[in-house]
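So you can see what is in the structure, the chains are spelled out below.
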Amino acid sequence: MKHLIEVYPFAYHKILGGQRQIDLRLYLKRFHNIHVGDTIEYVNAETKSCLLRVVKGIALFQDFETLIEMMPPELIGYSSREEIRLRVERQYSKEEQQKYGVCALFIAEPQSAKVVKLNFLERSA
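Just so it is clear, the model here is predicted, and its values are computed rather than measured.

Reading the values: the criteria
Every chain begins its residue count from 1, and numbering advances along the sequence as written. Residue-level local features of this predicted model are given only where pLDDT is at least 70; pairs of side-chain atoms are given and counted only at 80 or more, and the full residue set underlies all totals for whole chains, interfaces and linings. Calculated side-chain values reflect all of the structure's heavy atoms, with hydrogen atoms and water omitted. Only DSSP runs of H or I reaching four residues or more are called helices, and only runs of E reaching two or more are called strands; each is numbered from the N terminus. Whether a residue is buried, partly exposed or exposed follows from its accessible area with a 1.4 Å probe, protein chains only, as a fraction of its type maximum: under 20%, in between, or over 50%, in that order. Counting rule applied: Lys, Arg positive; Asp, Glu negative; His and chain ends not counted. Basic side-chain nitrogens of Lys or Arg form a salt bridge, by our definition, when they fall within 4 Å of a carboxyl oxygen of Asp or Glu. Whenever a nitrogen or oxygen atom comes within 3.5 Å of another N or O atom, the pair is scored as a polar contact, on the condition that within protein one atom can donate a hydrogen and the other can accept it, and that pairs from neighbouring residues in sequence are kept only if both atoms are in side chains. In this analysis, two residues are considered to be in contact whenever any of their non-hydrogen atoms come within 4.5 Å of each other. Paired strands are those between which DSSP finds at least two bridges. Only the stretch in contact is used when a helix axis is fitted, and all axes are lines through C-alpha atoms; the angle between N-to-C directions ranges over 0 to 180 degrees.

Asker: Explanation requested: the side chain of R53 in the structure shown.
Answerer: The residue R53 is located in strand β4 (residues 50-61) in this model. Although R53 lies buried, it forms no salt bridge, and the closest oppositely charged side chain, E109, sits 4.4 Å away as judged by the N-O distance. Among the polar contacts listed, one links the side chain of R53 to the backbone oxygen of I15, at a separation of 3.1 Å. Setting aside anything within four residues of it in sequence, one finds R53 in contact with I15, L16, D38, T39, I40, Y42, I107, A108, E109 and P110.

Asker: Looking at this structure, how should I read the sheet that holds strand β3 (residues 39-44)?
Answerer: Across a sheet, strands are paired by hydrogen bonds formed along the backbone, either parallel or antiparallel in direction. In space, the five strands of this open sheet follow the order β1-β3-β4-β5-β2, with mixed pairing throughout. Looking at the sheet topology across the chains shown, the edges are occupied by β1 (2-7) and β2 (22-26). Sheet twist, expressed as the average angle between the axes of neighbouring strands with direction ignored, equals 40°. Note that β2 and strand β5 (residues 102-108) share five bridges and pair antiparallel. Looking at β5, one finds that R25 is bridged to C103.

Any link to function would need more than the numbers given here.
So, in structure tokens, the structure goes:
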């Protein structure tokens, strides 16, 4: 299944460059339908350009503080946990976190099929 998520250019470029391999979100109802193996189409809110990522895992947490303590900051696209905390506090209130919970979406570039030649025959790998 394919899901559409609009993101700010800053986040879009971190995903595009591979620095963000874990996407942090409030666990809103629309994210309850995301499953491992699904595809997320991230849309740049300014340019409307798109990129695809496959969901490799999902972890649920009570709040961002717990998530930030358990996940490596480098996989979220930052060099420190404090930097992540500052960004999260600007975007999400404690009340929202308590009401919805939060999730970590483990994302990766989709793998494309490769053509392999064996004895001059082509097969998709």
